[in-house]
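# Chains, contacts and geometry: an overview
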Amino acid sequence: MSTPAVTDKRAGSLRGASLPKWFPLAVVVGSVAVAVAIGLGAGLDSKVQWGLIAAVLAVLVTYVVASRVEGRRQAKDRIATSLVWVCFLVAVVPLASLIWATAKRGVKVLDGYFLSHSMAGVADTEPGGGIYHALLGTLEQVGLATLIAVPIGVLTAIYLVEYGRGGLAKAVTFFVDVMTGIPSIVAGLFVLSFWILILKMGYSGFAGSLALAILMMPVVVRSTEEMLKLVPNELREASLALGVPKWRTILKVVLPTSIGGIATGVMLSIARITGETAPVLLLVWGTNFINTNPFKDPQGSLPLYIYQQYANSSGSGAAYDRAWAAALTLIAFVMILNLVARGIARWKAPKTGR
């Protein structure tokens, strides 16, 4: 004897009513239209205010309509989804606006001449000049800071993960956490008092690199430590079971397995220090001339160049355009570093499947 099939009507009642797929889009469009009308009617000039009104209206309308049609449980799910999208837009819109404004104002003077010439002999109020001396100084200072911070950071992380036990490891972990929150001006003052005032070494690009290395080290330690912890212990045990020494296991098994994540952390730490201005202002001092020797005499830097040009521009003129062009170059440099980090992470990611 066969079991009677459930009718379509009963199946529909079990599923309950649901809103159409185009409902979220319709709510967004309607909320934007109403927000624009309210903004124009109330005389609100800021587009940010219009966006906030539209976001509030979209969330309220979604909850009211969904609770009546689908029930309060499904309405809460929709309201959570709406809040996630609102938070996403709140984070992305200012970033996109910043990039758009910088690109729009920076392309006025950004060309080959601007990238290949310095400010030697060019007054701040005069057109011309470029960022070659500042770009060269930034590359040398960041490169030296990387050479100092990466070996120390990686070796510290290896000690904490592979060897660290007891009070010393806890103390190192504590001070790494403290260094993570140190303001850049504090690192600059420390190097200024020790390297320049006590040792009398003078202002130079290397002095700035020392401060940048202090800021970079805790980021390298933390990222490398987390990557080393992700390496399965079975790989270590298999290597040790074959009689391989621990140091060789770390060198040949642990580090190659986690090299992708370590390289990504290093790239992100480089991007983090590239835009630092306070240590450069205190230690490098800045110059309009090309100085290829980071160990002697003041040197230019992109963040310092941006600050000086904008401070001398009075909000307009050639210096103002140069400041925006240099800012666009700095953003492009950091963006390239992040893309390289993502590429390395994908290239070195563990292969899945057969």
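The structure presented is a predicted model; accordingly, all values stated were derived computationally and were not measured.

Here is what the cut-offs are and how they apply
- Throughout, a residue's number is its position along its own chain's written sequence, starting from 1.
- Local features are withheld for residues below a pLDDT of 70 in this predicted model, meaning they are given only at 70 or higher, and side-chain atom pairs are given and counted only at 80 or more; totals for whole chains, interfaces and linings count all residues.
- Hydrogen atoms and water are omitted, and side-chain values are computed over all heavy atoms in the structure.
- Only runs of H or I of at least four residues qualify as helices and only runs of E of at least two qualify as strands under DSSP, and these elements are numbered from the N terminus.
- For the exposure calls, accessible area comes from a 1.4 Å probe over protein chains only, and a residue counts as buried if that area is under 20% of its type's maximum, exposed if over 50%, partly exposed in between.
- By definition in these notes, contact holds between two residues if any of their heavy atoms fall within 4.5 Å.
- Working definition: rings of Phe, Tyr and Trp (its six-membered ring) pair if their centres are within 6.5 Å, and the pair is stacked with planes under 30 degrees apart, edge-to-face with planes over 60 apart, and tilted otherwise.
- Whether a charge lies above a ring is judged from NZ of Lys or CZ of Arg, which has to be within 6 Å of the ring centre and within 35 degrees of the ring normal.
- UniProt positions are given in the numbering used here, feature names are shortened, and annotations may be inferred rather than shown by experiment.
- Salt bridge, as used here: a side-chain nitrogen of Lys or Arg that lies within 4 Å of a carboxyl oxygen of Asp or Glu.

We now examine the overall build of the protein. When its secondary structure is counted, the protein shows 14 helices and zero strands. Each helix and strand of the protein, placed in order from N terminus to C terminus, yields the pattern α-α-α-α-α-α-α-α-α-α-α-α-α-α. Dimensions of the protein along its principal axes, counting C-alpha atoms only, are 95 × 70 × 40 Å. Out of the 354 residues belonging to the protein, those deemed buried represent 37%. Long-range contacts, defined as pairs at least 24 residues apart, comprise 71% of the intrachain contacts of the protein with a sequence gap of at least 6.

Attention shifts here to the environment of Trp100. The residue Trp100 is located in helix α4 (residues 72-106) in this model. Here the alpha-carbon distance between Trp100 and Val254, two residues 154 residues apart in the chain, equals 43 Å.

All right, on to the packing of aromatic side chains then. Under the criterion given, the structure shown has eight aromatic pairs. With a centroid separation of 6.0 Å and 40° between ring planes, the pair formed by Tyr310 and Tyr320 is classed as tilted. Here Tyr310, found in helix α13 (residues 302-311), pairs with Tyr320, found in helix α14 (residues 318-347); they are ten residues apart in sequence, far enough to count as distant. An aromatic cluster is defined as three or more aromatic residues linked by ring pairs; in this entry it consists of Trp195, Phe206 and Phe295. Here the basic side chain of Lys47 rests over the ring of Trp50, its NZ or CZ set 5.0 Å away from the ring centre. The lysine or arginine in question, Lys246, covers the ring of Tyr163, its NZ or CZ lying 5.5 Å from the ring centre.

Attention now moves to the UniProt feature "transmembrane region" (unreviewed entry) in the protein. Here, UniProt's "transmembrane region" (unreviewed entry) annotation points to residues 22-42, 48-67, 79-101, 142-161, 173-197, 203-221, 253-273 and 323-345. With 100% helix and 0% strand, residues 48-67 has end C-alpha atoms that lie 29 Å from one another. Counting secondary structure, residues 142-161 comes out at 100% helix and 0% strand; the distance between its end C-alpha atoms is 27 Å.

Before going further, it helps to spend a moment on the pattern of salt bridges. Evaluation of the coordinates by the stated rule reveals seven salt bridges. Among the ionic pairs, Arg236 bridges to Glu162, the shortest N-O distance being 2.9 Å. Of this pair, Arg236 sits in helix α10 (residues 233-241) while Glu162 sits in helix α6 (residues 132-163); the two residues are 74 residues apart in sequence, bridging distant segments of the chain. We note that Arg236, like Glu162, is buried. For Lys229, the salt bridge is made with Glu225, and the minimal N-O distance between the two is 3.5 Å. You can see Lys229 and its partner Glu225 sitting in helix α9 (residues 205-229), four residues apart, about one turn around the helix. For Lys229, a relative accessible area of 49% gives the class partly exposed.

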